[in-house]
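Fold and contact review
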Amino acid sequence: MAATRNVMRAVRVLEFGGPEVLKLQSDVLIPDPKENQVLIKVHACGVNPVETYIRSGNYARKPALPYTPGSDVAGVVEGIGEHVTAFKKGDRVFAIATISGGYADYAVAAANKVFPLSDKLDFRQGAAIGIPYFTAYRALFQKGCAKAGESVLVHGASGGVGVAACQIARACGLKVLGTAGTEEGVNMVLRNGAHQAFNHREVNYIDKIKAYTGMGGVDIIIEMLSNINLATDLQLLNYGGRVMVVGCRGPIEINPRDTMSKESSITGVSLFLATEEEKHECATALLDGIEAGWLKPVVGSEYPLEKVVKAHEDIIHGDGARGKMVLLP
């Protein structure tokens, strides 16, 4: 038995492709934390749409093969490398990035990407913070320049980033509208900060949004599916309005004249391009939100590591998001 203690289960991608290229292996070496690194016993790992794009090989960033996906882990510190003073073995933590990959029993992360996990949150919630909340904060404030009193429409508000955007925007004094694809999703959006919510599967939901906002329109749109909604988004904006493109799964045709009539703008959002200073700003705001009690991740579907292929299928083809999807090693 002693010989097996240094190995773990981990999901490995040996070639780019569909969900079927995700292979669970049980003989992967547990990584050693090097200088300024932390080894985490993973209790939960978030699943994000971007991980499916990377796995397919059609994304701007391509990791060297083979690799283990996953960045948003929560768990307990198992070991620390040299010069790590902020953490000790046994600490509850969450990470916003890993070095070795989070779809595994253990993961190594840089110490500056690891944060204490408040007792107010469980491990599944801890695994729902990283990409969703940092992306939502970046979209709203670092790129969207949101201000208290402005209005924001979160288009696709019942998923991980959407719930995060609703909670953050409401806490920061914005008027929050959200959309979801199911009645359950609409109710979830309302429970998590939205003043009003709309079902985007209803044929006339755009008319309902226009009726609700009146002549003004909305100041900011956080857009999760721009290849479907971008042209319509431009019709919903106020003067000087901004669309933040957080998600996209293909091309779309728009009329640039629609931006001219209201001097509106379209801005892409990529957390991977955030500077260390910007990430620190995000972390500070979000840790404050946890302590204040308004940052409460909503966990949706849960999958064991053995069902990782199903998780990747469902996050793209599911019938409507209901909170953050997590893997439970």
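Quick look at the structure, then.

Calculation criteria
- Residues numbered from 1 in each chain as written.
- Predicted model: local features only at pLDDT ≥ 70, side-chain atom pairs only at ≥ 80, totals over all residues.
- Heavy atoms only, no water.
- Phe/Tyr/Trp six-rings, centres within 6.5 Å; stacked < 30°, edge-to-face > 60°.
- Helix = DSSP H or I, 4+ residues; strand = E, 2+ residues; numbered from the N terminus.
- Buried < 20%, exposed > 50% of the residue type's maximum accessible area, 1.4 Å probe, protein only.
- Lys NZ or Arg CZ within 6 Å of the ring centre and 35° of its normal.
- Core = buried A, V, L, I, M, F, W, Y, C linked by side-chain atoms within 4.5 Å.
- Contact = heavy atoms within 4.5 Å.
- Pairing = 2+ DSSP bridges.
- Axes fitted to C-alpha atoms, helices over the stretch in contact; angles between N-to-C directions.

1. Concerning the packing of aromatic side chains
Per the stated rule, a full pass over the model turns up six aromatic pairs. Relative to Phe-134, the ring of Phe-115 has its centre 6.4 Å away and its plane inclined at 40°; by these criteria the two rings are tilted. Placement of the pair is Phe-115 in strand 7 (residues 114–116) and Phe-134 in helix 3 (residues 130–143), with a sequence separation of 19 residues. Owing to a relative accessible area of 13%, Phe-115 belongs among the buried residues under this scheme. Here Phe-198 and Tyr-212 contribute two aromatic rings whose centre-to-centre distance is 6.1 Å and whose plane-to-plane angle is 75°, an arrangement assigned as edge-to-face. With a gap of 14 residues between them, Phe-198 in strand 10 (residues 196–199) and Tyr-212 in helix 6 (residues 205–213) connect regions that are remote in the sequence. With a relative accessible area of 33%, Tyr-212 lands in the partly exposed category. An aromatic cluster is defined as three or more aromatic residues linked by ring pairs; in this entry it consists of Phe-94, Phe-115 and Phe-134. Over the face of the ring belonging to Phe-272 we find Arg-61, whose NZ or CZ atom lies 3.7 Å from the ring centre. Positioned over the ring face of Phe-123 is Arg-92, at 4.8 Å from the centre of the ring.

2. Examining the nonpolar core
By size, the foremost hydrophobic cluster in this structure holds 82 residues, and its most contacted members are Val-152 and Ile-222. A total of eight residues in this core trace back to one element, the largest contributor, which is helix 3. Here Ile-222 is in contact with Ala-139, Leu-140, Val-152, Leu-153, Val-154, His-155, Met-244 and Val-246, once residues within four sequence places are set aside.

3. Re the sheet that holds strand 12 (residues 237–245)
A sheet is described by the order of its strands in space; here six strands give the open sequence 10-9-8-11-12-13, paired in parallel fashion. The open sheet has two edge strands with one neighbour each: strand 10 and strand 13 (265–268). Each strand of the sheet is rotated relative to its neighbour by a mean of 20°, with strand direction disregarded. Those strands touched by helix 4 (residues 160–171) are strand 8 (151–155) and strand 9 (175–180), and its axis lies near 170° from that of strand 8.

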